[in-house]
Amino acid sequence: MNFLKFSPRIGFFLGFAACASLLAVGAYLQFVEELEPCPLCISQRLAILATGVIFLIAGLHNRGRKVYALCSAAAALIGASVSARHVWLQHLPPEEVPECSPGLEYVFQHFPLADTIKLMLTGTGECAKIDWTLLGLSIPAWTLFAFLSLAGWACLQFFNDADAV
């Protein structure tokens, strides 16, 4: 029995639209609200971008629905793990928060690529700072919720029958 009333192709395009909306909110918070993203925030944006690109390719290709669903779910779950680490860092006691690092621009110019990637995935002291909340949840907490929702949406496309209207 199919509870979804649209084709998997439309489902993948809706997943892409959700990812594009999340990136637009991130850009708004950065450029309008002037909230500078930390290394983990940038890593989460890259994961949202990767998930959205997979959703878009799946919608355009319109074949291999299950493979694309698994790939997009995996990308979303990788992003969820980065978000979960970010939420964990924000809830550490102040004495356990890692030290702050130099700015990302400096890191990209002067650090080896492996060290830069490690920094972007593990986070630094500035990642523990909470600048904005909505309904008591920080941006990384909302992003974690979004990633888990995207992974769930991708799994729905895995089971979505191609015969849907």
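Since the model is a prediction, treat every value here as computed from it, not as a measurement.

Draft legend 1. Highlighting the packing of helix α1 (residues 8-31) against helix α2 (residues 39-61). Put simply, α1 and α2 touch, their axes get as near as 8 Å, and they point 155° apart. Taken together, the axes of α1 and α2 lie roughly antiparallel to each other. As α1 runs across α2, the sense of the crossing is left-handed. Here Arg 9, Phe 12, Phe 13, Gly 15, Phe 16, Cys 19, Leu 22, Leu 23, Gly 26, Ala 27 and Gln 30 of α1 lie close against α2, whose contacting residues are Arg 45, Ile 48, Leu 49, Thr 51, Gly 52, Phe 55, Leu 56, Ala 58, Gly 59 and Leu 60. The class makeup of the residues in the contact of α1 with α2 is 13 nonpolar, six polar and two charged.

Draft legend 2. Expanded view of unusual backbone geometry. At Glu 34, a position not held by glycine, the phi torsion is positive, near 55°. Tracing the sequence through the fold places Glu 34 in the loop between α1 and α2. Residue Glu 34 is classed as exposed on the basis of its relative accessible area of 64%.

Draft legend 3. Region of the structure containing the UniProt feature "transmembrane region" (unreviewed entry) in the protein. Feature annotation in UniProt places "transmembrane region" (unreviewed entry) on residues 42-60, 67-88 and 139-159, given in this structure's numbering. This span, residues 42-60, is 100% helix and 0% strand, and a straight line between its end C-alpha atoms measures 27 Å. A distance of 31 Å separates the end C-alpha atoms of residues 67-88, which is 100% helix and 0% strand.

What counts as what
- Residues numbered from 1 in each chain as written.
- Predicted model: local features only at pLDDT ≥ 70, side-chain atom pairs only at ≥ 80, totals over all residues.
- Heavy atoms only, no water.
- Axes fitted to C-alpha atoms, helices over the stretch in contact; angles between N-to-C directions.
- Helix = DSSP H or I, 4+ residues; strand = E, 2+ residues; numbered from the N terminus.
- Parallel < 35°, antiparallel > 145°, perpendicular 65-115°, else oblique.
- Left-handed = near helix turned anticlockwise from the far one by under 90°.
- Contact = heavy atoms within 4.5 Å.
- Nonpolar A, V, L, I, M, F, W, Y, C, P; charged D, E, K, R; others polar.
- Buried < 20%, exposed > 50% of the residue type's maximum accessible area, 1.4 Å probe, protein only.
- UniProt positions renumbered as here; feature names shortened; annotations may be inferred.

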